[in-house]
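Analysis of the macromolecular model
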Amino acid sequence: MSDPYVKQTIENEVGYIEFFHPAHNSLPGDLLAKLANTITKAGTNEAIKVIVLKSGGERTFCAGASFTELININDAATGKVFFSGFANVINAMRKCPKFIIGRIQGKTVGGGVGLAASTDYCMATKFAAIKLSELNIGIGPFVVGPVIERKMGLSAMSQIAIDANSFYPADWAKQKGLYTKVFETTEELDDAVKSTAEHLCTYNVEAMLEMKKIFWKGTDDWDELLAERAQTSGRLVLSEFTKEKLKTYK
């Protein structure tokens, strides 16, 4: 399981979308594009009634965007494209007409927290601590900020955005509304995800679609908003502060 991938399987009308990258499930641009496209297609696939978003590996759900690509950004246009990767996935999840269940088996950082917050119902293990580390390198969680604020509230989002060095435990994330349930083991998590998803498949698809519209009310401008946020990050990543910070990672 060393090669990066995005794959989809269908079981009992549940579409399981899984991504993986050997670098702690950090996601480069091509993988993010595949993920957004896979979610969009699953939304129109009549064989799928409910979607589960998951990642490969054991202790890390998603370490955010690819640091290798981040370090190599040299102009604002490239920066905007880079930061638009997670924006496009968030918007694909927002627009998807089907419920998306999040299966968060381990730590998640930056854009990964944004993915978790973009699911409609999210479950995790006790190992699924979260962190927004962007301020450490002189940028901020601009792209993922709106969806995290929507799910957890401005206070919680601000707290983890400012305290960029700290992992916050899964129970804290549950208290703030990111996770609905936290389990002791991955096996317990998988059982709950499967049973929840398959039970949802017995409900009226049209009713679930109308509910999802209500859940995401007020986000119709997010195509433009997240593009603007990506542009902000793309500009800041070229700052002298960030360039000096990134040199330490080379």
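In case you missed it, the structure is sitting above this.
Described below are features of the structure shown in this document. Predicted model, so just to flag it, every value in this text is computed and none were measured. (Residues numbered from 1 in each chain as written. Predicted model: local features only at pLDDT ≥ 70, side-chain atom pairs only at ≥ 80, totals over all residues. Heavy atoms only, no water.)

Two residues of an α-helix separated by three or four positions point the same way, owing to the 3.6 residues in each turn. Among all positions in helix α6 (residues 154-162), only A156, M157, I160 and A161 are buried. Looking straight down α6, one finds that the buried residues subtend no more than 130° of arc, so they occupy a single side. Exposed side chains of α6 directed beyond 90 degrees from the buried face belong to S155 and I162. On its buried side, α6 packs onto β8 (130-131), α5 (145-152) and α7 (170-175). (Buried < 20%, exposed > 50% of the residue type's maximum accessible area, 1.4 Å probe, protein only. Helix = DSSP H or I, 4+ residues; strand = E, 2+ residues; numbered from the N terminus. Arc of directions from axis to C-beta. Contact = heavy atoms within 4.5 Å.)

Another aspect to go through is a nonpolar patch on the surface. A cluster of nonpolar residues, M211, I214 and F215, forms a patch on the protein surface that exposes about 300 Å² of accessible area. With respect to the element layout, F215 can be found in helix α9 (residues 205-215). For F215, a relative accessible area of 39% gives the class partly exposed. (Patch = residues over 30% accessible without salt bridge, like charges linked within 9 Å, V, L, I, M, F, W, Y side chains within 5 Å. Areas by Shrake-Rupley, 256 points an atom, 1.4 Å probe, with all protein chains shown as cover. Salt bridge = Lys/Arg side-chain N within 4 Å of Asp/Glu carboxyl O.)

As enumerated under the stated definition, the model contains six aromatic pairs in all. Pairing F82 with F83 gives two aromatic rings, centres 4.8 Å apart and planes at 90°, and the pair type is edge-to-face. F83 matches F82 in its accessibility class, with the two residues each being buried. Where Y168 meets W172, the ring centres are 4.6 Å apart and the plane angle is 50°; that geometry is what we call tilted. A cation over a ring is seen here: R59 above F127, with NZ or CZ 3.7 Å from the ring centre. Just above the ring of W216 sits the side chain of R150; from NZ or CZ to the centre is 3.6 Å. (Phe/Tyr/Trp six-rings, centres within 6.5 Å; stacked < 30°, edge-to-face > 60°. Lys NZ or Arg CZ within 6 Å of the ring centre and 35° of its normal.)

Read from one edge to the other, the open sheet built from six strands follows the order β1-β2-β3-β5-β7-β9, with strand pairing classed as mixed. Edge strands, defined here as strands with exactly one partner in the open sheet, are β1 (5-11) and β9 (181-183). Between one strand axis and the next, the sheet turns through 20° on average, direction left out of account. Bridge count for strand β5 (residues 100-104) against strand β7 (residues 121-125) is four bridges, and the pairing is parallel. Counted as the bridge partner of R103 is M123 from β7. Sitting on the sheet, helix α8 (residues 186-200) touches β1, β2 (14-20), β3 (50-55), β5, β7 and β9, and the angle it makes with β5 is about 175°. (Pairing = 2+ DSSP bridges. Axes fitted to C-alpha atoms, helices over the stretch in contact; angles between N-to-C directions.)

This paragraph deals with the environment of Q8. Along the polypeptide, Q8 turns up in strand β1. Sequence separation of Q8 and E149 is 141 residues, and the distance between their C-alpha atoms is 29 Å.

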